[in-house]
Amino acid sequence: MAPLTDFYQLTMAYGHWRAGRHRLPAAAELFFRRGPFRGAFALGAGLAEGLRCLRAFRFSAADVAYLRSVLPSTTEDAFFDYLATLDASEVTVSAVPEGSVVFARVGRARYPPLLWRGCGTVGSHVPGEDGDVTAWLSPQVPFLQVKGPLLVVQLLETMLLCLVNYASLVATNAARFRLLAGPDMKLMEIGLRRAQGPDGALSASKYSYIGGFDCTSNVLAGKLYGIPVRGTIAHSFIMSFTSLEEVQPRELLPLAGGEPVDLPALAKSLLQWVCELLQTPPEKTNRGELAAFVSYAISFPHDFQGLLDTYCVRRSGLPNFCAVALALHQLGYRAIGVRLDSGDLAQQSKEIRKVLRACGAHFQVPWFETIPIAVSNDISEQSLEEFSREGSEIDMIGVGTNLVTCPLQPSLGCVYKLVEVNGSPCMKLTEDEEKMTIPGTKTIYRLYDVAGHPFMDLMALEEEPLPSAGQELAIRVLGRLGETSKVCEPLPSLPEVRSHAQVSLSLLSPAHRRLHEPQPYPVAVTERLHNLLTELRQATQ
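Residues numbered from 1 in each chain as written. Predicted model: local features only at pLDDT ≥ 70, side-chain atom pairs only at ≥ 80, totals over all residues. Heavy atoms only, no water.

Trainee: Pulling in residues and values, what's your account of the overall build of the protein chain?
Mentor: Of regular secondary structure, the protein chain possesses 17 helices and 23 strands. Residues classed as buried in the protein chain amount to 53% of the 541 residues present. Accessible area of the protein chain: about 23,800 Å², with a carbon and sulfur share of 51%. (Helix = DSSP H or I, 4+ residues; strand = E, 2+ residues; numbered from the N terminus. Buried < 20%, exposed > 50% of the residue type's maximum accessible area, 1.4 Å probe, protein only. Areas by Shrake-Rupley, 256 points an atom, 1.4 Å probe, with all protein chains shown as cover.)

Structure follows, in structure tokens:
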């Protein structure tokens, strides 16, 4: 994984090596400047994958040979010999647990920067004090910290950003869908054919699962990560049939045993009764669709789901589904659901539920009225808001394009900045206030209110003692993920990370959790860290 970097990282690495600075101890932080999707939070993801790649960080002989061919000819041979021995065994990575809610910065328009005044009290800095030093400060909370030799810390920047940026973005996007859908709605990721290539598709499946989706259509993701996979039939399967004569085999054994039954004939006879109940002319139903449903039901009698909108939902798809589902019921089986892929999904779901209830009551099949209704068709956050506003009978939602491509914000915008070299804090000062950084290696504390909601993050210099908290505050340290030479704690499984993410989201206060115009989450710095900022800024003026 070592060559997964930008070219200028290697030219800088040579500069450090040439100057004899390559082994100076250094620290860098990975953070984002603004909450994604105009929200207050993100879900930290990709951290375990980053740690695994650090363990495998090596330049192979082929890598070194390639670098010889692209770096300037004046590059000394000894540098390439050094690269061949390089690894990340001296690097330590600290981070919040994967799946944790992380925050960007306090909103400058609504909150001034905050200082920790000690004794469990948090006070707001008044712009104009201390020479107006903090009037420009908007703290950025790191959710990954890297320490090690300067050259290696520098080389890791691009790789870690690549692994964390999209992972955190799509996990956050998935979490937003989960918050809109509510805890009981089943969410299925179906973005494989819309994602940015195979790697993007696999990452989308993995990290949308962390964000709260229940399953994926991506078979390879299921194999690699253990994510539940789901899927039934597409319109092409239904369109491939034209008549019941094409159904082979035709017979299905009853679940309880006995003589096999001609399922096409049974479904055809039941269709007459269903059409009479629904006051739909039987000749209006598409017989190729009925044949497709019957053929699929024979193949998967325990997992039959009808796709209703290939032709006409009301006149064909729904009657044909009910006929086949009733036929399966007579043989002891249960259909598992219906799916819609076009039209007014909320309104159609209510109409379908009404028909299912009528069939259940008329044919005395109680479970019919609770048959799950699934929908797809370019589902977005706006779609879920409309479902909630209009009311629906939807039980499961498939989301593809608007989940995996994150069209509302295509990049999280994480950055990776040096904060200390050879024991000396360093910071980036620029005319663009948003791009200024906060120096020094830090410890991050999360403060909770009496209701158990996080209400503020506190950044302190690493050497500072644990801050005192008043009786109304609970202070928790955002913990270490691990080191490349050993894991401080066992890496959690994907389901464990998913569970942690949902707990993290549930702890957010409603003001910070809401997706539109949330209350900005405040971040405080200790007075000692604030003083360091003041000194470094004044030293550059």
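Anyway, onward from the coordinates.
Trainee: Kindly report on the nonpolar core, identifying the contributing residues and their values.
Mentor: If you look at the biggest cluster of nonpolar residues, it comprises 137 residues, and the most contacted ones within it are Phe-59, Leu-156, Leu-263, Phe-321, Phe-368 and Ile-397. Looking at this core element by element, the count peaks at 17 residues for helix H5 (residues 150-181). Apart from the residues lying within four places of it in its own chain, the contact partners of Ile-397 are Met-185, Lys-186, Leu-187, Met-188, Val-375, Ile-379, Leu-384 and Phe-387. (Core = buried A, V, L, I, M, F, W, Y, C linked by side-chain atoms within 4.5 Å. Contact = heavy atoms within 4.5 Å.)

Trainee: Which residues make up the confidence of the model for the protein chain, and what are the values?
Mentor: Averaged over every residue, the pLDDT of the protein chain is 88; residues scoring 70 or more account for 89%. For the stretch residues 106-138, pLDDT sits under 50, and the model shows 75 contacts to residues farther than four places along the chain or on other chains. Low confidence marks residues 471-487, where pLDDT is under 50. Its contacts with residues over four positions away, or in another chain, come to 62 contacts. (pLDDT = per-residue confidence, 0-100.)

Trainee: I'd like a description of the pattern of salt bridges, backed by residues and values.
Mentor: Going through the model one piece at a time under the given rule, you end up with 18 salt bridges. Glu-29 serves as the salt-bridge partner of Lys-442, at 2.9 Å between the closest nitrogen and oxygen. Here Lys-442 is found in strand S19 (residues 442-448), whereas its partner Glu-29 is found in strand S1 (residues 25-32), with 413 residues between them in sequence. Both residues of the pair, Lys-442 and Glu-29, belong to the buried class. Here Arg-353 makes a salt bridge to Glu-393, at a shortest N to O gap of 3.3 Å. (Salt bridge = Lys/Arg side-chain N within 4 Å of Asp/Glu carboxyl O.)

Trainee: Residues and numbers for a nonpolar patch on the surface, please.
Mentor: Residues Phe-7, Tyr-66 and Val-70 make up a contiguous nonpolar surface patch of about 290 Å² in total accessible area. Mapped onto the fold, Phe-7 is located in helix H1 (residues 7-18). Note on Phe-7: relative accessible area 42%, which makes it partly exposed. (Patch = residues over 30% accessible without salt bridge, like charges linked within 9 Å, V, L, I, M, F, W, Y side chains within 5 Å.)

Trainee: Summarise the side chain of Glu-381; cite the residues concerned and give the values.
Mentor: By secondary structure assignment, the location of Glu-381 is in helix H13 (residues 381-390). Setting aside chain neighbours within four positions, we find Glu-381 in contact with Asn-173, Arg-176, Phe-177, Leu-180 and Leu-408.

Trainee: Can you lay out the environment of Lys-147 for me, pointing to particular residues and giving the numbers?
Mentor: Mapping Lys-147 onto the fold places it in strand S8 (residues 144-149). Given the relative accessible area of 28%, Lys-147 is considered partly exposed. Separated by 57 residues in sequence, Lys-147 and Glu-90 place their C-alpha atoms 8.3 Å apart. Those residues in contact with Lys-147, other than ones at most four positions away along the chain, are Ala-26, Ala-27, Glu-90, Val-91, Thr-92, Val-153, Thr-441 and Glu-462. Among the polar contacts listed, one links the side chain of Lys-147 to the side chain of Glu-462, at a separation of 2.5 Å. (Polar contact = N/O pair within 3.5 Å; in protein donor to acceptor, adjacent residues only side chain to side chain.)

Trainee: Please give an account of the side chain of Gln-409 that cites residues and values.
Mentor: One can find Gln-409 in the loop between helix H14 (401-404) and strand S17 (414-421). On the basis of relative accessible area, Gln-409 is assigned to the buried category, the value being 17%. At 2.7 Å, the side chain of Gln-409 forms a polar contact with the backbone nitrogen of Phe-37.

Trainee: Requested: an account of the pairing of strand S14 (residues 337-340), with residues and values cited.
Mentor: Residues Gly-337 and Arg-339 point to one face of S14 and Val-338 and Leu-340 to the other, with burial holding for every one of them. As for the winding sense of the linkage, the β-α-β connection from strand S13 (residues 305-307) through helix H11 (residues 313-330) to S14 is right-handed. Across three bridges, the pairing between S14 and strand S15 (residues 373-375) is parallel. Directly across from Leu-340, in S15, lies its bridge partner Val-375. Taken together, S14, helix H12 (residues 345-362) and S15 constitute a β-α-β crossover, and its handedness is right-handed. (Right-handed = clockwise from strand over helix to strand, strands pointing away. Pairing = 2+ DSSP bridges.)

Trainee: Account for the pairing of S8, naming residues and giving values.
Mentor: Where burial is concerned, most of S8 is hidden: five out of the six residues are buried. Direction of pairing for S1 relative to S8: antiparallel, over a ladder of six bridges. For Ala-27, the partnering residue across the bridge sits in S8 and is Lys-147. Bridging between strand S3 (residues 92-95) and S8 involves four bridges; their strand directions are antiparallel. Pairing of Thr-92 across the sheet is with Lys-147, part of S8.

Trainee: Go over the packing of H5 against H13 with me, naming the residues and quoting the values.
Mentor: Their axes nearest at 9 Å, the elements H5 and H13 cross at an angle of 10°. Relative to H13, the element H5 is oriented roughly parallel. Between H5 and H13, the contacting residues are Asn-173, Arg-176, Phe-177, Leu-180 and Ala-181 on the first element and Glu-381, Leu-384 and Glu-385 on the second. In the contact of H5 with H13, the residues fall into four nonpolar, one polar and three charged. (Axes fitted to C-alpha atoms, helices over the stretch in contact; angles between N-to-C directions. Parallel < 35°, antiparallel > 145°, perpendicular 65-115°, else oblique. Nonpolar A, V, L, I, M, F, W, Y, C, P; charged D, E, K, R; others polar.)

Trainee: Outline helix H17 (residues 527-540), supporting the account with residue identities and numerical values.
Mentor: A rise of 1.5 Å per residue sets the reference length of H17, with its 14 residues, at 20 Å; its end C-alpha atoms lie 20 Å apart and thus fit the reference within 8%. Residues of H17 that are buried include every one of Leu-529, His-530, Leu-532, Leu-533 and Thr-534, and no others. (Expected span 1.5 Å × (residues − 1).)

Trainee: Can you tell me about the environment of Pro-228, naming the residues and giving the values?
Mentor: Residue placement: Pro-228 occurs in the loop between helix H7 (219-225) and helix H8 (235-239). As for Pro-228 and Thr-216, which are separated by 12 residues in sequence, their C-alpha atoms are 6.4 Å apart. When near neighbours in sequence (up to four residues on either side) are disregarded, Pro-228 contacts Tyr-209, Asp-214, Cys-215 and Thr-216.

Trainee: Which residues make up the packing of helix H10 (residues 287-299) against H11, and what values go with them?
Mentor: When two helices pack together, their arrangement is given by the angle between their axes and by how far apart the axes lie. Axis separation between H10 and H11 bottoms out at 9 Å; the angle between their running directions is 30°. Taken together, the axes of H10 and H11 are roughly parallel relative to one another. For the crossing formed where H10 meets H11, the hand is right-handed. Facing Glu-289, Leu-290, Phe-293, Val-294 and Ala-297 of H10, the residues of H11 in contact are Ser-316, Gly-317, Asn-320, Phe-321, Val-324 and Leu-328. When the residues that make up the contact of H10 with H11 are grouped by side-chain class, the tally is seven nonpolar, three polar and one charged. (Left-handed = near helix turned anticlockwise from the far one by under 90°.)

Trainee: Tell me about the sheet that holds strand S16 (residues 396-399), residues and numbers included.
Mentor: An order of S10-S9-S16-S15-S14-S13 is seen for the six strands of this open sheet, with the pairing classed as parallel. A single partner strand is all that each edge strand has here, and the edge strands are strand S10 (215-216) and S13.

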